[in-house]
Amino acid sequence: MKHLTSIRELDKGSATAILDNADELGAVNTREVKKLPALRGKTVVNLFYENSTRTRISFEIAAKRLSADVINFAAATSSVSKGESLKDTAQTLEALGADAIVIRHPMSGAAHTLASKGWISGSVVNAGDGSHEHPTQALLDALTIRQLKKSGSDLAGIKVLIVGDIQHSRVARSNVLLLSLLGAEVTLAGPETLLPKTFSALGSEISHSFEEALSAKPDVVMMLRVQRERMQGTFFPSEREYAAKWSLAGERFKMLGSDTIILHPGPMNRGFEISNEAADDPRSAVLTQVRNGLAVRMAVLYKLMAGEG
Amino acid sequence: MQVFKGVQLASGETTDITVEGSNITKVGKTKENGLDCSGLIALPGFVDLHTHLRQPGYEASETVLSGSRSGAAGGYTALFAMANSDPVADTASVVEQVMKLGEEAGLLEVRPIGAVTKGLAGDELSALGSMATSAARVRVFSDDGNCVHDPLVMQRALTYVKSLGGVIAQHAQEPRLTEGSQMNSGELSTELGLKGWPSVAEESIIARDALLAEQTGARLHICHLTTAGAVDVVRWAKTRGIQITAEVTPHHLMLTEDLVRSYDPVFKVNPPLRRMEDTLALREGLIDGTIDVIGTDHAPHSSEKKDCEWEQAAFGMVGLEHAASVAQEVLIESGAADWNRLSEVMSSKPAEIGSLEGHGSIALGQPANLVLIDPAASRTVAAVTHSLSSNNPFAGRQLKGRVVHTVFRGKFSYKDGKVKNA
């Protein structure tokens, strides 16, 4: 395996292997010397066309823990339409010695295009492309769920509810694909303008009532951010109305089971899609997600770059 | 004198065609010697109502000359050049320039299409009358690339163009419903995270314009139908007696949205590739007469516009050199229709819609505008052709049928695989 641009490139075995590896590599992060020599002499470039602090830093630390050199290349979004093309930027970075490019891009399919057009020979890792996919986020979510809810290797029988702006969410798409691949039962919930019925084709149940979805007693509730930057026009009447129906707060928060875990890919809008009470509850695994993000990205970089190399 | 010996006509009859000067002087067996054409089908030269020749303004993608070469190689003897050049063809001087470039190329008849609105902006009517009375004698008006979406502008344009004996060719796309759209709207667009272009955006405009055509008594042509629902709306409008004609492209007859999975921009086109159900409905419409013509929507783009991210890439595909093979596949190889129908949709009907004389029939005294096809040939479509651009979604596919010769006004514009003077 050379690239990771979509969960569709994984089968159950390879996905589980990445999670197993992440469990092992994650242990490095608790050691006194938090470093392995696995990618010594290799160079990883973080090519980010969208602002992202947490994902970029996560990939950066992951690469460094494996002893790779890391270069951060922040391309302003405006340069996508003006100035240097993705092809030229990527080829320039490869000429400078990049062995892998971790790309975040506002356009769906950009990572796939970079991996498949023959512009470069190195590995490509998708760190989020438009509304399409964010595979390492799904892997870290799966790892978190597996650690907290299950002792086995897959997620058979686990009920996961993903709530919010599904339409614009690459996190939701990657999660539906990966979690169902691992045997979980995924339900998506949100207002119909942000959750068209076509999502059922990805292999999930669909609900337009948060309360109804919660009454099915999910093991995991994942709250998503409303992605205003990807919206054209209005999708709901007001923030207040959205929060009144779709925030994890008040009565709905009380409906959660005592061992239901709360996930959020971050950054959270407290008071909008999630209340303070929910975000700070002991059942919230948000920081575990962040730690697992590091482990999963180490596992992915290791798999793509150290494997056949 | 040139005699085409032993050709098969669309009717199935085998005969000879004699050409003297620029005209056909005999259709029937003759003792004169000539070019052995046994096994070849002779049809009236093809007429494309929908070609983007890109000149003036985008000469890196195509010129009138290179587009004429591509057309000749595809069996065309007339092309209607869309108005979205730069400057836009919205005045007499631009359409006359395009016509003149066509005459200089001399490989086929180039008929400029005039813009409906100034600068294709959709607000004010362009110089419709002076384009119609200019040397270019414009009869087809279109803002193609953009929809004439304002109902009042469309109503006035239909009324005005009616008095000029012309037709409006509408690019049916409700703009608000398709803002930022990248591909067909549905399960696949959801999965790929690309913004969808819903069928209703096409169908609602066709329905509205059909009613406006009925109310004004004007003639309306719908460019590139792509959805099953659009075929239904046109069928309904025709039974109501509305003067409406419709077009389908070669790519929408054969290719479907699944190809977008590759995120390869060679499959990016507007309106987008649809589902198999739509493709089948379009074929049915073409066979039963609901759809009148095949128009290529030949839309060349230089490789810079396609060698990039999907969302960054330009919309459009070339089409002139494989349209006949696609028509053969859909109408003949399927067993659903015959060469007469193919001749109608590729030649006589587009000529009639465009008020174009001298094309669309093989008859005594008519200009010798002909195409000779080897229907038994099989070929692999090449990406690089006579067009300056290679954005060809059929590249690498195996298609039946090959244009062997094209004759324009009695002279070969394309002979044995070679364009004249090319």
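The shown structure was predicted, so the numbers you read here are calculated from the model rather than taken from an experiment.

1. A few points about the overall build of chain A
Check the secondary structure of chain A and you find twelve helices and nine strands. In terms of overall dimensions, chain A has C-alpha extents of about 55 × 45 × 35 Å along its principal axes. Counting the 309 residues in chain A, one finds 49% classified as buried.

2. Description of the overall build of chain B
Check the secondary structure of chain B and you find eleven helices and 19 strands. Taking 422 residues into account, the globule formula puts the C-alpha radius of gyration at 22 Å, and chain B, at 20 Å, falls close to it. Projecting the C-alpha coordinates of chain B onto the three principal axes gives extents of approximately 65 × 45 × 45 Å. Every one of the 422 residues in chain B was classed for burial, and the buried ones make up 59%. Within chain B, counting contacts between residues at least 6 apart in sequence, those at least 24 apart form 74% of the total.

3. Side note on the interface of chain A and chain B
In this complex, chain A contributes 21 residues to the contact, which on the side of chain B involves 16 residues. Secondary-structure elements contributing two or more residues to the side of chain A that touches chain B are α4 (86-95), α5 (110-116) and α7 (170-181) of chain A. A per-element tally of the side of chain A that touches chain B places α5(A) first, with three residues. Classifying every residue of the side of chain A that touches chain B gives eight nonpolar, ten polar and three charged.

4. Some remarks on the sheet that holds strand β1 (residues 43-48) of chain A
Residues and elements named next belong to chain A. Reading across the sheet, the four strands line up as β2-β1-β3-β4 and stay open at both edges, with parallel pairing between neighbours. Of all strands in the sheet, those with a lone pairing partner are β2 (69-74) and β4 (123-129), marking the two edges. Taking each pair of neighbouring strands and ignoring which way they run, the sheet shows an average axis angle of 15 degrees. Relative to β2, β1 runs parallel, the two sharing six bridges.

5. Re the sheet that holds strand β15 (residues 293-294) of chain B
Residue and element names in this part refer to chain B. A sheet is described by the order of its strands in space; here five strands give the open sequence β9-β10-β13-β14-β15, paired in parallel fashion. At either end of the open sheet lies a strand with only one pairing partner, and these are β9 (140-141) and β15. Both strand β10 (residues 167-170) and strand β13 (residues 220-222) contribute to a ladder of three bridges, which runs parallel. Each bridged residue has a counterpart across the sheet, and for Gln 170 the counterpart in β13 is Ile 222.

6. Describing the pairing of strand β5 (residues 159-163) of chain A
Residues and elements named next belong to chain A. For β5, a buried count of four out of five residues is recorded, marking the element as mostly surrounded by other parts of the structure. When β5 meets strand β6 (residues 185-189), the two strands line up parallel, connected through five bridges. The residue bridging Leu 161 from the neighbouring strand is Thr 187, located in β6. In this fold, β5 hands off to α7, which returns the chain to β6; that crossover is right-handed. The pairing of β5 with strand β8 (residues 220-223) spans four bridges and is parallel. Bridge pairing links Ile 162 to Met 222 in β8.

7. Some words on helix α11 (residues 339-353) of chain B
Residue and element names in this part refer to chain B. If you check α11, its first and last C-alpha atoms are 20 Å apart, about what 15 residues at 1.5 Å a residue would give, namely 21 Å. In α11, a bend of some 45 degrees at Val 345 exceeds every other bend along the element. The buried count for α11 comes to eleven of 15 residues, which makes it a mostly enclosed element. Buried residues of α11: Trp 339, Leu 342, Ser 343, Glu 344, Val 345, Met 346, Ser 347, Lys 349, Pro 350, Ala 351 and Ile 353, and no others. Among the residues trailing α11, Ser 355 stands out with phi positive, at a value near 50 degrees.

8. Brief notes about helix α2 (residues 54-65) of chain A
All names here are of chain A. Over its twelve residues, α2 runs 16 Å from end to end, which matches the ideal 16 Å to within 8%, given 1.5 Å per residue. Every buried residue of α2 is listed here: Thr 55, Arg 56, Ser 58, Phe 59, Ala 62, Ala 63 and Arg 65. Against the buried residues of α2 lie β1, β2, β3 (100-105), β4 and α12 (286-305). Remark: Ser 67 follows α2 within two positions and exhibits a positive phi of approximately 70 degrees.

9. Thoughts on the environment of Thr91(B)
One can find Thr91(B) in the loop between β7 (76-81) and α2 (92-105). As a C-alpha pair, Thr91(B) and Asn270(B) span 179 residues in sequence and 26 Å in three-dimensional space.

10. Some thoughts on the confidence of the model for chain B
A residue-level look at chain B finds 100% of positions with pLDDT of 70 or above and a mean pLDDT of 97. Reported confidences for the modelled complex are a pTM of 0.95 and an ipTM of 0.93.

11. Digging into the environment of Gly71(B)
Residues and elements named next belong to chain B. Secondary-structure assignment places Gly 71 in helix α1 (residues 64-73). A tally of 36 C-beta atoms within 10 Å means that Gly 71 is categorised as buried. Along the primary structure Gly 71 and Val 419 are separated by 348 residues, whereas in three dimensions their C-alpha atoms are 9.7 Å apart. Apart from the residues lying within four places of it in its own chain, the contact partners of Gly 71 are Asp 48, Tyr 76, Leu 79, Leu 108 and Leu 320.

12. Things to note about unusual backbone geometry
With an omega dihedral of -5 degrees, the bond running from Gly266(A) to Pro267(A) counts as a cis peptide bond. Positionally, Pro267(A) belongs in the loop between β9 (261-263) and α11 (276-279). Cis geometry is adopted by the peptide bond preceding Pro87(B), which originates at Asp86(B) and carries an omega value of 5 degrees. Structurally, the position occupied by Pro87(B) is in the loop between β7 and α2. Positive phi, close to 60 degrees, is recorded for Leu120(B), a residue that is not glycine. If you trace the backbone, Leu120(B) turns up in the loop between β8 (109-112) and α3 (128-133). The class for Leu120(B) is buried, based on 21 C-beta atoms found within 10 Å. The residue Tyr263(B) is not glycine, and still its phi comes out positive at about 55 degrees. Topologically, Tyr263(B) is positioned in the loop between α8 (250-254) and α9 (276-288). For Tyr263(B), a count of 27 C-beta atoms within 10 Å translates into the label buried.

13. Digging into the pairing of β4(A)
Residue and element names in this part refer to chain A. Of all seven residues in β4, seven are buried, a share of seventy percent or more. The sheet contact formed by β3 and β4 spans five bridges and is parallel. When the sheet's bridge partners are listed, Ile 101 is paired in β4 with Val 124. As for the winding sense of the linkage, the β-α-β connection from β3 through α5 to β4 is right-handed.

14. Considering the packing of helix α1 (residues 12-26) of chain A against helix α6 (residues 135-149) of chain A
When two helices pack together, you describe them by how their axes are tilted relative to each other and by the distance separating the axes. All names here are of chain A. As a packed pair, α1 and α6 sit with axes 10 Å apart at the nearest point and diverge in direction by 70 degrees. Here α6 runs roughly perpendicular to α1, going by the angle between their axes. Residue-level contacts link Ile 18, Leu 19 and Ala 22 of α1 to Leu 139, Ala 142, Leu 143 and Arg 146 of α6. The class makeup of the residues in the contact of α1 with α6 is six nonpolar, no polar and one charged.

About the criteria used
Residues numbered from 1 in each chain as written. Chains lettered and ligands numbered in written order. Predicted model: local features only at pLDDT ≥ 70, side-chain atom pairs only at ≥ 80, totals over all residues. Helix = DSSP H or I, 4+ residues; strand = E, 2+ residues; numbered from the N terminus. Buried ≥ 20, exposed ≤ 12 C-beta atoms within 10 Å, placed from the backbone. Rg over C-alpha atoms; globule rule 2.2 N^0.38 Å. Contact = placed C-beta atoms within 7 Å. Nonpolar A, V, L, I, M, F, W, Y, C, P; charged D, E, K, R; others polar. Pairing = 2+ DSSP bridges. Axes fitted to C-alpha atoms, helices over the stretch in contact; angles between N-to-C directions. Right-handed = clockwise from strand over helix to strand, strands pointing away. Expected span 1.5 Å × (residues − 1). Bend = angle between axes of the 7 residues up to and from the residue. pLDDT = per-residue confidence, 0-100. Parallel < 35°, antiparallel > 145°, perpendicular 65-115°, else oblique.

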